[in-house]
Amino acid sequence: MATIVVGDVHGNLAGLKDLLDQIRGDSARGNTIVFLGDYIDRGPNTKGCVDAILGFQREVRAEVICLLGNQDELVEVTPKNIRIRKRILAANLRPKRQSE
């Protein structure tokens, strides 16, 4: 039984897809894959990263655990951080132009 730990993704979908391809072979029943959070912020494709991790979780036999990082907590809806949440989501979820 193996445990694989994946650190901060930060919206880097290309890097995440490469990593998921590398660990897919080690995702057998009895193994555990832990994502440490910080899926959002900085990178260009937050939504794509979250979708990729959720898809990976559905397709593998290993237990997949997804923790929230400090960046992810910023998108929780509270009166204190609603402006930050809107700014992050607007920056990361807007449609990308072909040239981007």
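See the structure shown above.
In this text, all values refer to a predicted model and were calculated from it rather than measured experimentally.

A. The arrangement of the sheet that holds strand 1 (residues 3–6) in detail. In spatial order, the strands read 1-2-3; together these three strands make up an open sheet with parallel pairing. Sheet topology places strand 1 and strand 3 (63–66) at the edges, where each strand pairs with a single neighbour. With direction set aside, neighbouring strand axes in the sheet form an average angle of 15°. Here four bridges tie strand 2 (residues 32–35) to strand 3, and the two strands are oriented parallel to one another. Bridging across to strand 3, threonine 32 finds its partner in glutamate 63. With respect to the sheet, helix 2 (residues 46–59) is in contact with strand 2 and strand 3, its orientation differing from that of strand 3 by roughly 155°.

B. Up close: the nonpolar core. Grouped together as the largest cluster of nonpolar side chains are 17 residues, with contacts concentrated most on Leu16, Leu20, Ile23, Ile33, Phe35 and Phe56. Contributing elements (two or more residues each) for this core: strand 1, helix 1 (13–23), strand 2 and helix 2. If we ignore the near neighbours within four places in the chain, the residues touching phenylalanine 56 are Leu20, Ile23, Arg24, Ser27, Ile33, Phe35 and Val64.

C. Representation of the packing of helix 1 against helix 2. Where helix 1 meets helix 2, the closest approach of the two axes is 9 Å, and the angle between their N-to-C directions is 15°. By the criterion of interaxial angle, the relationship of helix 1 to helix 2 is roughly parallel. By crossing handedness, the relation of helix 1 to helix 2 is classed as right-handed. Facing Leu13, Leu16, Leu20 and Ile23 of helix 1, the residues of helix 2 in contact are Gly48, Cys49, Ala52, Ile53 and Phe56. When the residues that make up the contact of helix 1 with helix 2 are grouped by side-chain class, the tally is eight nonpolar, one polar and no charged.

D. Molecular detail of a nonpolar patch on the surface. There is a patch of nonpolar side chains on the surface, built from Val5, Leu36 and Leu67 and spanning about 240 Å² of accessible area. Mapped onto the elements of the fold, leucine 36 is located in the loop between strand 2 and helix 2.

E. Layout of the environment of cysteine 49. Residue position: cysteine 49 is located in helix 2. A relative accessible area of 0% places cysteine 49 in the buried class. Once the C-alpha coordinates of cysteine 49 and leucine 16 are considered, the two residues, 33 residues apart in sequence, prove to be 7.0 Å apart.

F. Fine view of the pattern of salt bridges. Under the defined criterion, the tally for this structure stands at three salt bridges. The partner of arginine 24 in a salt bridge is aspartate 21, with the nearest N and O atoms 2.8 Å apart. Residue classification places aspartate 21 among the exposed residues on the basis of a relative accessible area of 53%. Of the charged contacts, one joins glutamate 59 and arginine 24 as a salt bridge, the two residues approaching to 2.6 Å between their closest N and O atoms. With glutamate 59 in helix 2 and arginine 24 in the loop between helix 1 and strand 2, the pair connects residues that are 35 residues apart, well separated along the chain. By relative accessible area, which is 31% here, arginine 24 ends up partly exposed.

What counts and what doesn't
- Each chain carries its own residue numbering, running from 1 in the written order of its sequence.
- Given that this is a predicted model, residues contribute local features only at a pLDDT of at least 70 and side-chain atom pairs are listed and counted only at 80 or more, while totals for whole chains, interfaces and linings are drawn from all residues.
- Calculation of side-chain values draws on the structure's entire complement of heavy atoms; hydrogens and water are dropped beforehand.
- For two strands to be treated as a pair, DSSP must find no fewer than two bridges joining them.
- Put simply, DSSP marks the helices as runs of H or I at least four residues long and the strands as runs of E at least two long, and each gets a number from the N terminus on.
- An axis is simply a line fitted to the C-alpha atoms; with a helix, the fit covers only the stretch in contact. Between two such axes, the angle follows the N-to-C directions and lies from 0 to 180 degrees.
- Whether two residues are in contact is decided by their heavy atoms: any pair within 4.5 Å suffices.
- Among buried residues, those of type Ala, Val, Leu, Ile, Met, Phe, Trp, Tyr and Cys that are joined through side-chain atoms within 4.5 Å constitute a nonpolar core.
- Per-residue accessibility, obtained with a 1.4 Å probe over protein chains only, is compared with the maximum for each type, and a residue is labelled buried under 20%, exposed over 50%, and partly exposed between these values.
- Any angle between 65 and 115 degrees counts as roughly perpendicular, while under 35 counts as roughly parallel, over 145 as roughly antiparallel, and the rest as oblique.
- In this scheme the handedness of a crossing depends on how the near helix is turned from the far one: anticlockwise by less than a right angle means left-handed, clockwise means right-handed.
- Here the nonpolar group is Ala, Val, Leu, Ile, Met, Phe, Trp, Tyr, Cys and Pro; Asp, Glu, Lys and Arg are the charged ones; every other residue, Gly included, is treated as polar.
- Residues forming no salt bridge and having over 30% relative accessible area are the ones grouped into patches, like charges within 9 Å of each other and nonpolar side chains (Val, Leu, Ile, Met, Phe, Trp, Tyr) within 5 Å.
- Values of accessible area rely on a 1.4 Å probe in the Shrake-Rupley scheme; residue burial ignores everything except the protein chains shown.
- The working definition used for a salt bridge is a side-chain nitrogen of Lys or Arg within 4 Å of a carboxyl oxygen of Asp or Glu.

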